[in-house]
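# Coordinate analysis (summary)
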Amino acid sequence: MHIHSILPATGIDKGYSYKADEILPLGTYVKISFGRQDVVGVVWDNDVTADIPLNKIKSVSEIYDSPPLADDMRTYIEKVAGWTMTPMGSVLKMVIPSYKLLEEPKRPLQFFCMSINGGGAVALNKDQGTAAHDLCTNIDQGYSCTLLDGVTGAGKTEVYFEAVAECMRADHQVLIMMPEIALTGGFVDRFEKRFGTRAALWHSQMTPKQRMTVWKGVASGQTKAVIGARSSLFLPYADLGLIVVDEEHDQSYKQEDNVIYHARDMAVMRGACMKHPVILASATPSIETLQNIESGRYSEVTLPDRFGGAHMPDMHLIDMREDKAESGEFISPTLHRAINETVKSGEQVLLFLNRRGYAPLTLCRSCGARLECPQCTAWLVAHKKSGRTFCHHCDYGGRSPDKCPSCDADDSLVPIGPGVERIAEEVEAKYPDARIMILSSDTAEDGLKLQEKLDAIQRGDVDIIIGTQMTAKGHHFPKLTCVGVIDADIGMKGGDLRAGERTWQLLHQVAGRAGREVLSEGRKGQVYLQTYMPENNVMESLIDQDRDAFTSLELEMRKMANMPPYSRLAGIILSGKNEKTVEGVGRTLAQTAPRSDEFIVMGPAIPAFAMLRGKHRRRLLVQCSRKINLQKTIEDWLGRIDIPSSVRLSVDIDPQSFL
Ligand SMILES: [Zn+2]
Ligand SMILES: [Zn+2]
């Protein structure tokens, strides 16, 4: 009889003793009963002594013959847990979400991407060739992290595909990570065209069977390439040789619940831990990444031009204080003229507004009440097509009311501000003959699936697209020559650390949708930004398309304020049903915090979302010098305090959100 320390894939930080008849190799997957349920666990230590009597120790219920979790993967799990300050068992759960993945399938599985051939390679231009060569020489040479930096349309994908090919020629596996929203058919088809085989896809909308196929293919080493959202990083690859993080600046790489982690940073950590290269690709790299290049931690490969000679668009600022929209409307006369001309010449317009639904706020004209969510600090958002008014955070709400819920007045509710549906209404009235489409994550509202919509745009079946953030990502619309940003200031309003950076990245990407095909006679795509603050440095550097000017100013400001990347931040978020208890824990934390010039604790503060899904919230913010071990200091501090079980505490290392 041998006793093993087994880490259950639950939110637990340590292994528990279980017995088995034989010595199980480290990393073996087992089924164990834990509490009242069966969970999967991994042998973390074999043949140990236990300080409880043998007859009290439970036996392993089942031993799986799946390849064991590799040593370096266990080290990686420990590192991720340490970095994110979450229990190891929570990280293990991301690697193996269910023991069902380990069971024998009823029918043999058909693995994706068993081998590749490089048949569909396209000819690269000189700059692309040089960049591809640089990336290829890193394959099989241990850890490196390289930014592939190139404007939208410069052909970054073709360049990193060369490194992917090189890695697969050396018979290693490859992971290409993308923001979830960009994981549409288009990219997968492109991969298939290039490599003659379909890559395995990994994202949140998969069936259990699809999950099992990919998980087993990856763990056995039979699946050579995965294209996945952030969670694909935690698959147990048998022999991963390269990670590409496409759109590395994208904020959706940050997971905000359970294990709070940044998938880009954890990808770099995985490369360092497992000694393989990582490529970060972006047209608008994050400030952190640019600073990592400046300091020599990452290297950089740049692509200067748009592929095939297409030009960057002309950018125009529309000062909404001068160029006023008509009352109750949101499109300025200048933008209207541009829409009109574009549609007349048979080309496409994209109107960008990062707001779903019809109106972000509904107000009662007789009593002044605003429709608010009782469980969150948020307005209810009116959606006209579905006839619902609901909370975007918790789904509270239902059929749009026809009288005011506060004063019962009829016909007194008025929409305030625009969402994409309201812009569509304005456009429909002005251009009755134009074919109009809304592109937002509420795709179900008019029955067409996202891919069908993208295909229709590509075929030219649409004249005016009205879209949210999802239109900014990677799609290639050949007929699109004019982009109008309805409210360029929208992202600046929160005023948090990265407001300027995010606005710059998003609007630059949206602008990049215009004129991606070479227009005849040297014509360029046209981009119009409607703003109330045209003299703001973000707007100015967008118009000048001067990224370096924006970056150096932004870095300068961060340095003066001693903000990341020059210092480190951590958010401590408390939530619970009883506001007094939550507040009390917040105060205790503040009173007991270690304080010095190099470790500053702010709060507890009432965050913008003072209430979310029925729970009261408080936040503390830690600002810490880069010389100090942030996680260790927080761990020591929190370890000295008893936190009641009715209050949930989570730590957000390098927070992106301050709400
Ligand atoms: Zn009212
Ligand atoms: Zn809500």
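Before going into details, it helps to say that this report is about the structure given with it. (Residues numbered from 1 in each chain as written. Chains lettered and ligands numbered in written order. Predicted model: local features only at pLDDT ≥ 70, side-chain atom pairs only at ≥ 80, totals over all residues. Heavy atoms only, no water.)

As a further point, take the sheet that holds strand β23 (residues 464-467). The strand order β15-β25-β24-β16-β23-β22 describes an open sheet built from 6 strands, whose pairing is parallel. Because the sheet does not close on itself, it has two edges, and the strands there are β15 (314-319) and β22 (436-439). Taken over all neighbouring pairs, the strand axes of this sheet differ in orientation by 20 degrees on average, direction set aside. Sheet contacts for helix α10 (residues 420-430): β16 (348-352), β22 and β23; angle to β23, the most-contacted strand, approximately 160 degrees. (Pairing = 2+ DSSP bridges. Helix = DSSP H or I, 4+ residues; strand = E, 2+ residues; numbered from the N terminus. Axes fitted to C-alpha atoms, helices over the stretch in contact; angles between N-to-C directions. Contact = heavy atoms within 4.5 Å.)

In a perfect tetrahedron of four donors around a metal, the angles come out at 109.5 degrees. In a perfect octahedron of six, they are 90 or 180 degrees. Looking at the zinc ion (ligand 1), one finds its protein donor set to be C364 (SG), C367 (SG), C404 (SG) and C407 (SG), positioned 2.2 to 2.4 Å from the metal centre. Around the zinc ion (ligand 1) sit 4 donor atoms; with metal-centred angles ranging over 107 to 114 degrees, the donor geometry is tetrahedral. Sequence spacing of the donor residues for the zinc ion (ligand 1), all on one chain, is C-x2-C-x36-C-x2-C. Of this pair, C367 sits in the loop between β17 (361-364) and β18 (381-383) while C407 sits in the loop between β20 (397-399) and β21 (413-416), and the two are 40 residues apart along the sequence. Since its relative accessible area comes to 31%, C407 is described here as partly exposed. (Donors = N, O, S within 2.8 Å, 3.2 Å for Na, K, Ca; no water. Tetrahedral: all angles 85-135°; square planar, octahedral: opposite > 155°, others 65-115°. Buried < 20%, exposed > 50% of the residue type's maximum accessible area, 1.4 Å probe, protein only.)

Attention now goes to the packing of aromatic side chains. Applying the stated rule across the entire model yields 11 aromatic pairs. On the basis of an interplanar angle of 55 degrees and a centroid distance of 5.9 Å, the ring pair of F161 and F187 is categorised as tilted. Of this pair, F161 sits in helix α4 (residues 156-169) while F187 is found in helix α5 (residues 185-195), placing the two residues 26 residues apart along the sequence. Taken individually, F161 and F187 each receive the classification buried, so the pair is uniform in this respect. Look at F161 and F195: their rings are 5.3 Å apart centre to centre, the planes differ by 70 degrees, and that puts the pair in the edge-to-face class. Here the residue F161 occupies a position in helix α4, and F195 occupies one in helix α5, the gap between them amounting to 34 residues. Both residues of the pair, F161 and F195, belong to the buried class. Chaining the aromatic ring pairs together yields one cluster made of Y160, F161, F187, F191 and F195. The aromatic ring of Y99 is capped on one face by K100, whose charged end is 5.5 Å from the ring centroid. Of note, R388 hangs over the ring of F390, and the distance from its end group to the ring centre comes to 4.3 Å. (Phe/Tyr/Trp six-rings, centres within 6.5 Å; stacked < 30°, edge-to-face > 60°. Lys NZ or Arg CZ within 6 Å of the ring centre and 35° of its normal.)

Glancing now at the sheet that holds strand β19 (residues 388-390). Spatially, 3 strands are ordered β18-β19-β20 in an open sheet, and the strand pairing comes out antiparallel. In the strand order of this sheet, the two ends are held by β18 and β20, each with one partner. Strand-to-strand twist across the sheet, computed as the mean angle between neighbouring axes with direction ignored, equals 15 degrees. Strand direction decides the pairing type here: β18 and β19, joined by 3 bridges, are antiparallel. Its bridge partner being in β19, H383 is matched across the sheet by R388.

The next thing to look at is the coordination of the zinc ion (ligand 2). Every protein donor of the zinc ion (ligand 2) is listed here as C373 (SG), C376 (SG), C391 (SG) and C394 (SG), and their distances to the metal cover 2.3 to 2.4 Å. Bound by 4 donor atoms, the zinc ion (ligand 2) shows angles of 102 to 114 degrees at the metal and therefore tetrahedral coordination geometry. The sequence pattern describing where the donors of the zinc ion (ligand 2) fall on their chain is C-x2-C-x14-C-x2-C. Taken as a pair, C376 in the loop between β17 and β18 and C394 in the loop between β19 and β20 lie far apart in primary sequence, 18 residues in all.

Take unusual backbone geometry next. Between P564 and the following residue, P565, the backbone shows a cis peptide bond with an omega angle of 10 degrees. Inspection of the secondary structure puts P565 in the loop between α14 (547-560) and β26 (567-576). Here the amide bond leading from G603 into P604 is cis, since omega sits at 10 degrees, within 30 degrees of zero. Along the chain, the position of P604 falls in strand β27 (residues 599-605). Although it is not a glycine, D395 sits at a positive phi angle of roughly 75 degrees. As for its position among the elements, D395 is in the loop between β19 and β20. Phi is positive for D408, close to 70 degrees, though the residue is something other than glycine. Among the secondary structure elements, D408 is positioned in the loop between β20 and β21. According to the relative accessible area criterion, D408 is exposed, its value standing at 53%.

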